Amino acid sequence: MLETKNLEKVYQTGDRALDDVSVTLDGTEVVAMIGPSGAGKSTFIRCINRLVEPTSGDVWLDDVELTALSKPELQRERRNIGMVFQEYGLVERLTVMENVLSGRLGYVGFWQSLRRKFPPDAIEHAYETLERVGLRGYENKRVDALSGGQRQRVGIARAVLQRPKLLLVDEPTSSLDPETSHAVMELLAEIAVDTDVPVVINIHEVHLAEEFADRILGLSDGSLVFDGPPAELDEAAKTRVYQGATDSVGASRSTGESADNQLSQDELLTKNG
Ligand SMILES: Nc1ncnc2c1ncn2[C@@H]1O[C@H](COP(=O)(O)OP(=O)(O)OP(=O)(O)O)[C@@H](O)[C@H]1O
(Lines give C-alpha, C1' and ligand atoms only; values in the text may rest on other atoms or scores of the structure.)
Protein backbone atom coordinates (compact mmCIF):
# COMPACT_ATOMS: atom_id res chain seq x y z
CA MET A 1 0.00 0.00 0.00
CA LEU A 2 1.20 3.49 -0.84
CA GLU A 3 -0.04 6.43 1.13
CA THR A 4 0.77 10.11 0.89
CA LYS A 5 -0.47 12.34 3.67
CA ASN A 6 -0.74 16.08 3.20
CA LEU A 7 2.15 16.05 0.77
CA GLU A 8 3.50 19.48 -0.03
CA LYS A 9 6.41 20.65 -2.13
CA VAL A 10 7.58 24.21 -2.36
CA TYR A 11 10.72 24.57 -4.46
CA GLN A 12 13.45 27.01 -3.49
CA THR A 13 12.16 29.29 -6.23
CA GLY A 14 8.94 29.61 -4.23
CA ASP A 15 6.95 27.47 -6.70
CA ARG A 16 4.35 25.49 -4.82
CA ALA A 17 4.31 22.32 -6.91
CA LEU A 18 2.22 20.18 -4.54
CA ASP A 19 -0.36 21.44 -2.15
CA ASP A 20 -1.69 19.08 0.48
CA VAL A 21 -1.96 15.93 -1.62
CA SER A 22 -3.30 12.92 0.28
CA VAL A 23 -3.77 9.68 -1.59
CA THR A 24 -4.03 6.02 -0.62
CA LEU A 25 -3.30 3.36 -3.19
CA ASP A 26 -4.33 -0.04 -2.04
CA GLY A 27 -3.71 -3.26 -3.90
CA THR A 28 -2.93 -3.78 -7.52
CA GLU A 29 -4.10 -0.90 -9.56
CA VAL A 30 -2.89 1.19 -12.43
CA VAL A 31 -3.05 4.79 -11.36
CA ALA A 32 -2.63 7.53 -13.94
CA MET A 33 -1.64 11.04 -12.90
CA ILE A 34 -2.99 13.57 -15.32
CA GLY A 35 -2.93 17.35 -15.41
CA PRO A 36 -1.66 20.26 -17.45
CA SER A 37 2.01 21.06 -17.83
CA GLY A 38 3.38 22.33 -14.53
CA ALA A 39 0.54 20.83 -12.47
CA GLY A 40 2.97 18.88 -10.30
CA LYS A 41 2.73 15.36 -11.76
CA SER A 42 6.47 14.72 -11.95
CA THR A 43 7.00 16.32 -8.57
CA PHE A 44 4.42 13.99 -7.04
CA ILE A 45 6.06 10.88 -8.48
CA ARG A 46 9.52 12.05 -7.41
CA CYS A 47 8.38 12.93 -3.90
CA ILE A 48 7.26 9.33 -3.42
CA ASN A 49 10.81 8.01 -3.61
CA ARG A 50 12.31 11.29 -2.40
CA LEU A 51 14.21 12.08 -5.55
CA VAL A 52 12.59 15.39 -4.72
CA GLU A 53 12.37 16.00 -0.98
CA PRO A 54 8.83 16.89 0.08
CA THR A 55 8.60 20.13 2.02
CA SER A 56 6.08 18.57 4.39
CA GLY A 57 3.78 15.61 4.62
CA ASP A 58 4.44 11.87 4.83
CA VAL A 59 4.87 9.07 2.35
CA TRP A 60 4.29 5.49 3.48
CA LEU A 61 5.01 2.30 1.54
CA ASP A 62 3.33 -0.49 3.47
CA ASP A 63 4.50 0.03 7.04
CA VAL A 64 7.60 2.05 6.17
CA GLU A 65 7.50 5.81 6.41
CA LEU A 66 9.75 6.74 3.49
CA THR A 67 9.86 10.37 4.57
CA ALA A 68 11.35 9.41 7.94
CA LEU A 69 14.25 7.34 6.59
CA SER A 70 17.90 8.31 6.71
CA LYS A 71 19.73 8.44 3.39
CA PRO A 72 21.22 4.92 3.72
CA GLU A 73 17.87 3.51 4.81
CA LEU A 74 16.20 5.22 1.88
CA GLN A 75 18.75 3.74 -0.54
CA ARG A 76 17.87 0.28 0.74
CA GLU A 77 14.14 0.90 0.66
CA ARG A 78 14.31 2.17 -2.91
CA ARG A 79 15.00 -1.41 -3.99
CA ASN A 80 11.30 -1.89 -3.41
CA ILE A 81 10.35 0.89 -5.79
CA GLY A 82 10.79 0.27 -9.49
CA MET A 83 11.27 3.37 -11.59
CA VAL A 84 10.78 3.80 -15.28
CA PHE A 85 11.97 7.36 -15.70
CA GLN A 86 13.25 8.85 -18.92
CA GLU A 87 16.35 10.23 -17.31
CA TYR A 88 17.20 6.86 -15.84
CA GLY A 89 18.81 6.39 -19.17
CA LEU A 90 19.74 2.92 -20.15
CA VAL A 91 23.43 2.36 -20.58
CA GLU A 92 23.70 2.72 -24.33
CA ARG A 93 26.85 0.74 -24.92
CA LEU A 94 25.69 -2.22 -22.84
CA THR A 95 23.45 -5.01 -24.03
CA VAL A 96 19.77 -5.41 -23.32
CA MET A 97 20.55 -8.23 -20.89
CA GLU A 98 23.16 -6.19 -19.03
CA ASN A 99 20.77 -3.29 -18.70
CA VAL A 100 17.96 -5.51 -17.46
CA LEU A 101 20.21 -7.26 -14.95
CA SER A 102 21.27 -3.90 -13.58
CA GLY A 103 17.81 -3.90 -11.99
CA ARG A 104 19.30 -6.42 -9.56
CA LEU A 105 22.26 -4.25 -8.63
CA GLY A 106 20.65 -3.30 -5.36
CA TYR A 107 20.66 -6.96 -4.33
CA VAL A 108 23.97 -8.41 -5.37
CA GLY A 109 27.08 -7.39 -3.48
CA PHE A 110 29.32 -4.60 -4.64
CA TRP A 111 32.14 -6.88 -5.83
CA GLN A 112 29.73 -9.23 -7.54
CA SER A 113 28.17 -6.37 -9.44
CA LEU A 114 31.57 -5.02 -10.45
CA ARG A 115 32.37 -8.37 -11.96
CA ARG A 116 28.80 -8.56 -13.30
CA LYS A 117 28.22 -11.84 -11.54
CA PHE A 118 24.55 -12.35 -11.07
CA PRO A 119 22.96 -15.38 -9.44
CA PRO A 120 21.33 -17.91 -11.78
CA ASP A 121 17.82 -17.09 -10.53
CA ALA A 122 18.32 -13.43 -11.51
CA ILE A 123 19.42 -14.46 -14.99
CA GLU A 124 16.44 -16.77 -15.34
CA HIS A 125 14.12 -14.00 -14.16
CA ALA A 126 15.71 -11.66 -16.71
CA TYR A 127 15.03 -14.11 -19.55
CA GLU A 128 11.43 -14.58 -18.41
CA THR A 129 10.93 -10.85 -18.14
CA LEU A 130 12.42 -10.16 -21.56
CA GLU A 131 10.02 -12.72 -22.96
CA ARG A 132 7.21 -10.98 -21.08
CA VAL A 133 8.00 -7.57 -22.56
CA GLY A 134 8.43 -8.98 -26.06
CA LEU A 135 12.20 -8.70 -26.26
CA ARG A 136 13.25 -12.33 -26.24
CA GLY A 137 16.04 -12.68 -28.78
CA TYR A 138 17.27 -9.16 -28.12
CA GLU A 139 19.39 -10.10 -25.10
CA ASN A 140 22.73 -9.45 -26.75
CA LYS A 141 21.78 -6.41 -28.75
CA ARG A 142 23.25 -3.13 -27.64
CA VAL A 143 20.66 -0.72 -26.38
CA ASP A 144 21.80 2.01 -28.77
CA ALA A 145 20.54 -0.19 -31.60
CA LEU A 146 16.95 -0.24 -30.29
CA SER A 147 13.89 1.84 -31.12
CA GLY A 148 12.26 4.16 -28.56
CA GLY A 149 9.51 1.65 -27.78
CA GLN A 150 12.01 -1.17 -27.36
CA ARG A 151 14.11 0.96 -25.00
CA GLN A 152 11.05 1.70 -22.94
CA ARG A 153 10.45 -2.05 -22.70
CA VAL A 154 14.02 -2.60 -21.53
CA GLY A 155 13.43 0.06 -18.84
CA ILE A 156 10.25 -1.70 -17.77
CA ALA A 157 12.01 -5.09 -17.68
CA ARG A 158 14.80 -3.61 -15.59
CA ALA A 159 12.30 -2.23 -13.09
CA VAL A 160 10.44 -5.56 -12.95
CA LEU A 161 13.69 -7.35 -12.18
CA GLN A 162 13.89 -5.44 -8.93
CA ARG A 163 10.76 -7.30 -7.84
CA PRO A 164 9.40 -3.99 -6.59
CA LYS A 165 6.42 -3.38 -4.33
CA LEU A 166 5.54 -0.34 -6.38
CA LEU A 167 6.31 0.81 -9.90
CA LEU A 168 6.65 4.51 -10.68
CA VAL A 169 6.54 5.49 -14.32
CA ASP A 170 7.20 9.00 -15.53
CA GLU A 171 5.88 10.02 -18.95
CA PRO A 172 6.45 6.66 -20.61
CA THR A 173 4.96 7.72 -23.93
CA SER A 174 6.25 11.24 -24.41
CA SER A 175 8.71 10.34 -27.15
CA LEU A 176 6.73 7.53 -28.74
CA ASP A 177 4.33 7.39 -31.67
CA PRO A 178 0.65 6.70 -30.86
CA GLU A 179 0.76 3.01 -31.71
CA THR A 180 3.88 2.36 -29.64
CA SER A 181 2.48 4.48 -26.79
CA HIS A 182 -0.61 2.30 -26.76
CA ALA A 183 1.48 -0.88 -26.70
CA VAL A 184 3.68 0.40 -23.84
CA MET A 185 0.64 1.36 -21.75
CA GLU A 186 -0.93 -2.01 -22.44
CA LEU A 187 2.27 -3.70 -21.28
CA LEU A 188 2.39 -1.65 -18.08
CA ALA A 189 -1.21 -2.52 -17.28
CA GLU A 190 -0.49 -6.22 -17.87
CA ILE A 191 2.67 -6.06 -15.75
CA ALA A 192 0.64 -4.58 -12.88
CA VAL A 193 -1.65 -7.60 -12.95
CA ASP A 194 1.03 -10.24 -13.64
CA THR A 195 3.38 -9.05 -10.93
CA ASP A 196 0.69 -7.94 -8.50
CA VAL A 197 2.34 -4.55 -8.17
CA PRO A 198 0.59 -1.18 -8.24
CA VAL A 199 1.79 1.16 -10.98
CA VAL A 200 1.66 4.95 -10.82
CA ILE A 201 2.04 6.55 -14.24
CA ASN A 202 2.44 10.21 -15.01
CA ILE A 203 0.91 10.60 -18.42
CA HIS A 204 -0.04 13.45 -20.73
CA GLU A 205 -2.45 11.61 -23.00
CA VAL A 206 -5.80 11.55 -21.21
CA HIS A 207 -7.26 8.98 -23.60
CA LEU A 208 -4.51 6.51 -22.63
CA ALA A 209 -5.19 7.15 -18.96
CA GLU A 210 -8.88 6.52 -19.58
CA GLU A 211 -8.19 3.32 -21.47
CA PHE A 212 -5.61 1.72 -19.20
CA ALA A 213 -5.92 3.13 -15.70
CA ASP A 214 -8.14 1.74 -12.97
CA ARG A 215 -7.95 5.04 -11.23
CA ILE A 216 -7.11 8.56 -12.33
CA LEU A 217 -5.64 11.31 -10.20
CA GLY A 218 -6.05 14.79 -11.64
CA LEU A 219 -3.68 17.51 -10.51
CA SER A 220 -4.22 21.18 -11.15
CA ASP A 221 -1.76 23.73 -9.89
CA GLY A 222 -0.42 21.30 -7.27
CA SER A 223 -3.82 20.33 -5.88
CA LEU A 224 -5.62 17.06 -6.31
CA VAL A 225 -8.85 18.02 -8.05
CA PHE A 226 -9.93 14.61 -9.31
CA ASP A 227 -9.61 11.14 -7.85
CA GLY A 228 -11.73 8.42 -9.33
CA PRO A 229 -12.19 5.76 -11.98
CA PRO A 230 -12.00 6.72 -15.66
CA ALA A 231 -15.80 6.45 -15.97
CA GLU A 232 -16.15 9.41 -13.60
CA LEU A 233 -13.77 11.63 -15.53
CA ASP A 234 -16.54 13.54 -17.28
CA GLU A 235 -16.28 16.90 -19.03
CA ALA A 236 -16.78 18.83 -15.80
CA ALA A 237 -13.96 16.89 -14.15
CA LYS A 238 -11.68 17.47 -17.13
CA THR A 239 -12.44 21.16 -16.99
CA ARG A 240 -11.51 21.16 -13.31
CA VAL A 241 -8.21 19.47 -14.07
CA TYR A 242 -7.26 21.41 -17.18
CA GLN A 243 -8.80 24.82 -16.67
CA GLY A 244 -8.03 25.43 -13.06
CA ALA A 245 -9.46 24.18 -9.85
CA THR A 246 -12.05 25.82 -7.70
CA ASP A 247 -11.79 23.22 -4.99
CA SER A 248 -9.58 20.27 -4.27
CA VAL A 249 -9.98 16.67 -3.30
CA GLY A 250 -8.24 16.56 0.04
CA ALA A 251 -7.93 18.14 3.37
CA SER A 252 -7.06 21.62 4.52
CA ARG A 253 -4.08 23.53 3.20
CA SER A 254 -0.81 23.57 5.03
CA THR A 255 2.34 25.59 4.63
CA GLY A 256 5.95 24.50 4.69
CA GLU A 257 9.51 25.59 4.35
CA SER A 258 11.36 25.45 1.08
CA ALA A 259 13.40 22.32 0.59
CA ASP A 260 16.34 21.56 -1.60
CA ASN A 261 15.70 19.81 -4.82
CA GLN A 262 18.30 17.09 -4.68
CA LEU A 263 17.23 15.49 -7.91
CA SER A 264 20.57 15.11 -9.61
CA GLN A 265 22.50 13.80 -6.64
CA ASP A 266 19.76 11.44 -5.60
CA GLU A 267 19.22 10.17 -9.10
CA LEU A 268 22.86 9.34 -9.32
CA LEU A 269 22.81 7.58 -5.98
CA THR A 270 19.73 5.61 -6.88
CA LYS A 271 21.08 4.61 -10.24
CA ASN A 272 24.27 3.36 -8.70
CA GLY A 273 22.79 2.08 -5.50
N1 LIG B 1 13.62 21.84 -9.84
C2 LIG B 1 12.66 22.75 -9.78
N3 LIG B 1 12.90 23.97 -9.24
C4 LIG B 1 11.91 24.90 -9.17
N5 LIG B 1 10.66 24.70 -9.61
C6 LIG B 1 10.37 23.52 -10.15
C7 LIG B 1 11.35 22.48 -10.28
N8 LIG B 1 10.76 21.41 -10.85
C9 LIG B 1 9.48 21.76 -11.08
N10 LIG B 1 9.25 23.02 -10.67
C11 LIG B 1 7.98 23.76 -10.74
O12 LIG B 1 7.01 23.01 -10.05
C13 LIG B 1 5.77 23.02 -10.75
C14 LIG B 1 5.36 21.59 -11.06
O15 LIG B 1 6.29 21.02 -11.97
P16 LIG B 1 6.22 19.49 -12.44
O17 LIG B 1 7.38 19.25 -13.34
O18 LIG B 1 6.04 18.64 -11.27
O19 LIG B 1 4.87 19.51 -13.27
P20 LIG B 1 4.32 18.45 -14.34
O21 LIG B 1 2.86 18.38 -14.13
O22 LIG B 1 5.08 17.19 -14.26
O23 LIG B 1 4.65 19.19 -15.71
P24 LIG B 1 4.97 18.56 -17.16
O25 LIG B 1 3.72 17.83 -17.57
O26 LIG B 1 5.22 19.75 -18.02
O27 LIG B 1 6.15 17.65 -17.02
C28 LIG B 1 5.99 23.90 -11.97
O29 LIG B 1 5.57 25.20 -11.64
C30 LIG B 1 7.47 23.86 -12.16
O31 LIG B 1 7.93 25.05 -12.78
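Quantities reported herein were computed from a predicted structural model and do not represent experimental measurements.

Draft legend 1. Molecular detail of the overall build of the protein chain. Along the backbone of the protein chain there are 10 helices and 10 strands. Sorting the 273 residues of the protein chain into buried and exposed places 51% on the buried side. For the protein chain, long-range pairs separated by at least 24 residues make up 71% of all intrachain contacts whose partners lie at least 6 apart in sequence. On the protein chain, roughly 12,300 Å² of surface is accessible, and the fraction owed to carbon and sulfur atoms is 47%.

Draft legend 2. A look at the pattern of salt bridges. Inspection of the entire model under this criterion finds 14 salt bridges. A salt bridge links arginine 16 to glutamate 8, with the shortest nitrogen-to-oxygen separation between them at 2.2 Å. Among the residues examined, arginine 16 registers a relative accessible area of 33% and is labelled partly exposed. Glutamate 29 is the salt-bridge partner of arginine 215, the closest N and O atoms lying 3.2 Å from each other. With arginine 215 in strand β9 (residues 215-220) and glutamate 29 in the loop between β2 (16-25) and β3 (30-34), this pair connects stretches of sequence that are 186 residues apart. Comparing arginine 215 with glutamate 29 shows no difference in burial state: the two are buried.

Draft legend 3. Structural detail: the side chain of glutamate 77. Mapped onto the elements of the fold, glutamate 77 is located in helix α2 (residues 71-77). The buried charged residue glutamate 77 lacks any salt bridge partner; its closest oppositely charged side chain belongs to lysine 165, at an N-O distance of 4.2 Å. In this view, glutamate 77 contacts Leu61, Val64, Leu66, Leu69 and Lys165; residues no more than four positions away in its chain are not counted.

Draft legend 4. How the structure looks around the nonpolar core. In this structure, Ile156 and Leu167 are the most contacted members of the largest nonpolar core, which totals 48 residues. The element contributing the most residues to this core is helix α7 (residues 178-195), with seven residues. Not counting residues within four places of it along the chain, the set of residues in contact with leucine 167 comprises Gly82, Met83, Val84, Ala159, Leu188, Ile191, Val197, Pro198, Val199 and Val200. Within the second largest apolar cluster, 32 residues are counted, among which are Val59, Met83, Leu166 and Val200.

Draft legend 5. Inspection of the sheet that holds β3 at higher detail. Spatially, the six strands line up as an open sheet ordered β6-β7-β8-β3-β9-β10, and their pairing is mixed. Taken across any chain shown, the strands that pair with only one partner, and hence form the sheet edges, are β6 (81-84) and β10 (223-228). With direction set aside, neighbouring strand axes in the sheet form an average angle of 20 degrees. Here β6 pairs with strand β7 (residues 166-170) via four bridges, running parallel. Among the inter-strand pairings, methionine 83 is bridged to a residue of β7, identified as leucine 168. Lying over the sheet, α7 contacts β3, β7 and β8 (199-202), oriented at roughly 160 degrees with respect to β8.

Draft legend 6. Quick peek at the layout of surface pockets. Counted as a void, the second largest pocket has a volume near 230 Å³. The wall of the second largest pocket is formed by 14 residues, among which Phe85, Gln86, Leu90, Arg151 and Gln152 lie closest to the centre. The element contributing the most residues to the lining of the second largest pocket is helix α6 (residues 148-161), with five residues.

Draft legend 7. Inspection of the sheet that holds β2 at higher detail. Taken together, the four strands give an open sheet; going across it, the order is β2-β1-β4-β5, and neighbouring strands pair in antiparallel fashion. Only two strands of the sheet have a single partner each, and these edge strands are β2 and β5 (64-65). Pairing geometry for strand β1 (residues 2-10) and β2, over six bridges, is antiparallel. What sits directly across from lysine 9, in β2, is leucine 18.

Rules and cut-offs
- Just so you know, the residues in each chain are numbered from 1, in the order the chain's sequence is written.
- In view of the model being predicted, local features appear only for residues whose pLDDT reaches at least 70, and side-chain atom pairs are presented and counted only at 80 or more, with totals across whole chains, interfaces and linings using the full set of residues.
- By convention in this description, side-chain values take in all heavy atoms of the structure and omit both hydrogens and water.
- The numbering of helices and of strands both runs from the N terminus, where a helix is a DSSP run of H or I of at least 4 residues and a strand a run of E of at least 2.
- The cut-offs for exposure are 20% and 50% of the maximum accessible area for each residue type, with area from a 1.4 Å probe on protein chains only; residues under the lower value are buried, those over the upper are exposed, and the others partly exposed.
- Two residues form a contact once any of their heavy atoms are found within 4.5 Å.
- In these tables, accessible area is a Shrake-Rupley quantity obtained with a 1.4 Å probe, and a residue counts as shielded only by the protein chains included in the view.
- Each reported salt bridge corresponds to a side-chain nitrogen of Lys or Arg within 4 Å of a carboxyl oxygen of Asp or Glu.
- Neither His nor the chain ends contribute to the count of charged residues, in which Lys and Arg are positive and Asp and Glu negative.
- For this analysis, a nonpolar core means a set of buried residues of the types Ala, Val, Leu, Ile, Met, Phe, Trp, Tyr and Cys, connected via side-chain atoms within 4.5 Å.
- We treat two strands as partners when DSSP finds at least two bridges between them.
- Axis definition: a line fitted to C-alpha atoms, over the contacting stretch in the case of helices. Angles run 0 to 180 degrees between N-to-C directions.
- A pocket, in this scheme, is an open set of points on a 1 Å grid over the protein atoms alone with protein on both sides within 12 Å along at least 5 of 7 lines, while a cavity is a set where a 1.4 Å probe fits but cannot get out; residues line either one if an atom lies within 4 Å of a point.
- Grid points are joined across faces, edges and corners, and a volume is the space filled by probe spheres set on the points.

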